[in-house]
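Listed below are the residues making up each chain.
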Amino acid sequence: MRRALVTGVGMQVPSRIVTNKELESLVDTSDEWILQRTGIRERRVAGPDETASSLAIVAAKEALDRSQVHPEELDIIVVGTVTGDMPFPSTSCLVQAGIGAVNAGAMDVGAACAGFIYSLCVASSLIESGQSRNALVIGVDMLTKFVDWTDRSTCVLFGDGAGALMVQASENGDRGVLKTVMLADGTGARHIEYPVGGSKYPASGEQRTPAKGLTMNGSEVYRFAVTAMGDACCRVLDEAGYSAEEVDLFVPHQANLRIIQSAQKRLGIPDERVFVNVDRFGNTSGGSIPIGLYEAERSGRLKPGDLVLTVGFGAGLVWGANLIRW
Ligand SMILES: CC(C)(COP(=O)(O)OP(=O)(O)OC[C@H]1O[C@@H](n2cnc3c(N)ncnc32)[C@H](O)[C@@H]1OP(=O)(O)O)[C@@H](O)C(=O)NCCC(=O)NCCS
């Protein structure tokens, strides 16, 4: 069977670190509250010249270098993002131009914090079907440019970042993307939204601005996330014929340490097999899982042959999980 094998990783985050302490001067919050409720200590915040594509291009180049693939060899670029440079053209097209992938098609996938899960499924399915051989999969978001910096219930949660995976066709091997589940419940759309700048409330013209930034019902999303994470993991493991004990590394979406721990508890996976970096980056949405995979591999926690379980959830509502033999 042909599989989509991960052959290289890349990442990029803005250099500016914003600590919880710094946020105390912006909104009525405290380092203690943020740390206790979310596990976040600091996050990276983009400057005015940084965009989703500028981070994605750096991450993409690193993944290409590490896999020793030339940009001209790419046949598809899939970017999971909901905070692209602009409504159109797609961020993937900007990446395609930025890295000189002259033979590649390019598409964005809009699945918020599950954007990378969905994007990896698109790329691996294209590879398995024979449509593509060399795919670049990127998760990137820049939510700090979309939050209302006067709303303490949301602005403390997010950070910016990009992660990239080079994924290549591999014949008859047992390594690669084994299975993905993708799930959605649009009846929960109102629980996290950024309504401005689309066809409902265009950025120009007679716009009524319903909100200054993204809005979120935190407790509703929390409840959803706790169930969704565990459900998606159990389902992908079950469909692929594995159990949680066989997972070498669990790389969940980094939104909140308490949500991660509840999924970990349900699956019975010990701490040493759970990857956590929410303390340093906050919730980077589509960037979160590929950044986790990058850091896990670069720090030696993820080795060829390891069974990796990823899971994500976010605005939509959407959720899903990938099972990968690294
Ligand atoms: C947002 C979240 C951290 C809030 O934690 P919580 O324990 O549920 O806190 P609550 O919403 O119950 O709020 C408790 C109190 O803290 C206050 N509060 C909210 N944000 C605060 C902040 N940054 N600093 C201090 N206090 C804050 C609230 O106003 C509330 O005060 P009140 O009781 O006087 O009304 C949590 O709900 C969460 O993580 N939800 C999921 C969000 C998420 O993952 N979104 C992204 C999806 S990809």
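Residues numbered from 1 in each chain as written. Predicted model: local features only at pLDDT ≥ 70, side-chain atom pairs only at ≥ 80, totals over all residues. Heavy atoms only, no water.

Visitor: Looking at this model, I keep getting lost on the overall build of the protein. Mind explaining?
Guide: Within the protein, the secondary structure is distributed over 10 helices and 13 strands. Taking 326 residues into account, the globule formula puts the C-alpha radius of gyration at 20 Å, and the protein, at 19 Å, falls close to it. Principal-axis analysis of the C-alpha atoms gives the protein an extent of 55 × 45 × 35 Å. A separation of at least 24 residues holds for 77% of the contacts in the protein among residues at least 6 apart in sequence. Of the roughly 13,500 Å² of accessible surface on the protein, a fraction of 48% belongs to carbon and sulfur atoms. (Helix = DSSP H or I, 4+ residues; strand = E, 2+ residues; numbered from the N terminus. Rg over C-alpha atoms; globule rule 2.2 N^0.38 Å. Contact = heavy atoms within 4.5 Å. Areas by Shrake-Rupley, 256 points an atom, 1.4 Å probe, with all protein chains shown as cover.)

Visitor: How should the environment of Arg235 be read in this particular structure?
Guide: Position of Arg235 relative to the elements: it lies in helix H7 (residues 218-240). On the accessibility criterion, Arg235 (42% relative accessible area) is partly exposed. Between the C-alpha atoms of Arg235 and Ala321, which are 86 residues apart in sequence, the distance is 8.5 Å. When neighbours within four sequence positions are excluded, Arg235 is seen to be in contact with Val181 and Leu183. (Buried < 20%, exposed > 50% of the residue type's maximum accessible area, 1.4 Å probe, protein only.)

Visitor: For this particular structure, what's the right way to read the pairing of strand E11 (residues 249-252)?
Guide: Along any regular strand the residues' side chains alternate between the sheet's two faces. Side chains Leu249 and Val251 of E11 all project onto a buried face; the interleaved residues Phe250 and Pro252 project onto the opposite face, where all are buried too. Note that E11 and strand E12 (residues 307-314) share four bridges and pair parallel. By the bridge assignment for E12, Leu249 is matched with Val308. (Pairing = 2+ DSSP bridges.)

Visitor: Sorry if this is basic, but what is going on with the sheet that holds strand E8 (residues 176-184) here?
Guide: Backbone hydrogen bonds hold the strands of a sheet together, and the pairing may be parallel or antiparallel. Read from one edge to the other, the open sheet built from four strands follows the order E8-E13-E12-E11, with strand pairing classed as mixed. The open sheet is flanked by E8 and E11, the only strands paired with a single partner. Geometrically, the sheet is characterised by an average inter-axis angle of 10° between neighbouring strands, direction not taken into account. Pairing of E12 with strand E13 (residues 318-325) involves eight bridges; the strand directions are antiparallel. Within the sheet, the bridge partner assigned to Gly314 lies in E13 and is Val318. Lying on the sheet, H7 is in contact with E8, E11, E12 and E13; it crosses E13 at an angle near 35°. Each of E11 and E12 is contacted by helix H10 (residues 288-298), which is oriented at about 145° to E11, the strand it contacts most. (Axes fitted to C-alpha atoms, helices over the stretch in contact; angles between N-to-C directions.)

Visitor: Please clarify how the nonpolar core should be interpreted in this entry.
Guide: As a rule of thumb, nonpolar side chains are buried together in soluble globular proteins. Grouped together as the largest cluster of nonpolar side chains are 46 residues, with contacts concentrated most on Phe250, Leu267, Leu309 and Phe313. Of all the elements in the fold, those that place two or more residues in this core are E8, H7, helix H8 (257-267), E12 and E13. Residues within four places of Phe313 in sequence aside, it is in contact with Cys113, Ala114, Val221, Phe224, Ala225, Met229, His253, Ala255, Ile259, Val318 and Trp319. (Core = buried A, V, L, I, M, F, W, Y, C linked by side-chain atoms within 4.5 Å.)

Visitor: I would appreciate a short explanation of the environment of Gly47 in the present structure.
Guide: If you trace the backbone, Gly47 turns up in the loop between strand E3 (42-44) and helix H3 (52-67). The partly exposed category is assigned to Gly47, whose relative accessible area is 23%. Linking Gly47 and Asn20, residues 27 residues apart in sequence, is a C-alpha distance of 18 Å.

Visitor: Even after reading the chapter, I still don't get the domain arrangement of the protein, so can you show me in this structure?
Guide: Interface size is often expressed as the accessible area that is lost when the parts come together. In terms of domain boundaries, the protein breaks down into domain 1 (2-174) and domain 2 (177-325). Relative to domain 2, the C-alpha centre of domain 1 lies at a distance of 13 Å. Counting from both sides, the interface comprises 53 residues of domain 1 and, opposite them, 49 residues of domain 2. Roughly 3,900 Å² is buried in total at the junction of domain 1 and domain 2, and carbon and sulfur atoms are behind 65% of that figure. The interface formed by domain 1 and domain 2 contains zero salt bridges. Here domain 1 is connected to domain 2 by 15 residue pairs in polar contact (both at pLDDT 80 or more). (Domains from an automatic or database assignment. Buried area = accessible area lost by both parts, 1.4 Å probe. Salt bridge = Lys/Arg side-chain N within 4 Å of Asp/Glu carboxyl O. Polar contact = N/O pair within 3.5 Å; in protein donor to acceptor, adjacent residues only side chain to side chain.)

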